[in-house]
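Residue strings, one per chain:
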Amino acid sequence: MKIELVDIEMDGVLLNDFKELEEMYCFYKKACEDLKLIIENNLDLDSFFRIIMKYYDVELFESEHDTYMTCNLLGIKPKRLSTDFILYEKDKHAPKFYFEDWIIMETGKVDARRIYSQGEIDNLLDDDQMVVLYPYAKRPASKRLQHVPNDNSSYDLTYNGEFVIDESELGQTSGQLENITYYNDWMRTEFNLYNSPIIQSKLKEKVFTKERLMKDVASYRFRALEVLKLIKNLATKKNLNISGIIEEEINMLRLKKN
């Protein structure tokens, strides 16, 4: 799990541009106000996460190990769903084959003894039976996956007797796993993940605590003050008489600290 505050990179061009600096300051100032809003008010989940996703880069379940660690942190009981999507890895030798397993949060009924196809997975998602946490786990290939000699001095890969691919078409993967067949609607699974009320409520309780949010407000306030200093220095260089306005903004930010 990786959760970081959204930041704006400063470069040489930006430091000499009033408009860019002002936009940066307004972003940080608004971030302070919005995060204080969710600290001080009992917002519903939709409103809460509308603000959270604006000011945080949230990456959940980035690896199999990370998925189990994050589930443990959030109090989620993960389940393994077997699919018939085929993976391979290849170096200088013949390719090795695997099937893709998905780590899921069960929200209905998923049979861990079954192997699910694309259509069956669509049905599970349509019926809100699961939320896909991590779809890139693997398991060893079964006997239903076979290598059949063909007329090209190569082998056909077949699954349940159906042709999948000529193995000569599989390139080297440098030890990485690559898909031969795959689920074709990843956006749908990601939408279900980041919009799951169960996961959102657990993130709100376990991760985006009042203590963390207060700390992040302080971080954004510090960044806003630093940008105001840059604006003040630039105004001095350009002989612009806006120091009074800048001091008012600085004092206002400092007062809001309390």
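Residues numbered from 1 in each chain as written. Predicted model: local features only at pLDDT ≥ 70, side-chain atom pairs only at ≥ 80, totals over all residues. Heavy atoms only, no water.

Some thoughts on the pattern of salt bridges
Summed over all chains, the structure comprises 13 salt bridges. Close ionic contact of Asp-101 with Arg-139 constitutes a salt bridge, the shortest N to O distance being 2.6 Å. Here the residue Asp-101 occupies a position in strand 4 (residues 96-106), and Arg-139 occupies one in strand 6 (residues 130-140), the gap between them amounting to 38 residues. Asp-101 sits in the buried class, given a relative accessible area of 4%. Given a relative accessible area of 15%, Arg-139 falls into the buried group. What emerges from the salt-bridge pattern is a single network uniting Glu-64, Arg-80, Asp-101 and Arg-139. (Salt bridge = Lys/Arg side-chain N within 4 Å of Asp/Glu carboxyl O. Helix = DSSP H or I, 4+ residues; strand = E, 2+ residues; numbered from the N terminus. Buried < 20%, exposed > 50% of the residue type's maximum accessible area, 1.4 Å probe, protein only.)

Structural notes on helix 3 (residues 64-74)
Buried within helix 3 we find Asp-66, Thr-67, Thr-70, Cys-71 and Leu-74. Mapping the buried residues of helix 3 onto a view down its axis gives an arc of 135°, with all of them on the same face. Exposed and facing more than 90 degrees away from the buried side of helix 3 are His-65 and Asn-72. Where helix 3 terminates, the next one or two residues include Gly-75, which has phi positive at roughly 80°. (Arc of directions from axis to C-beta.)

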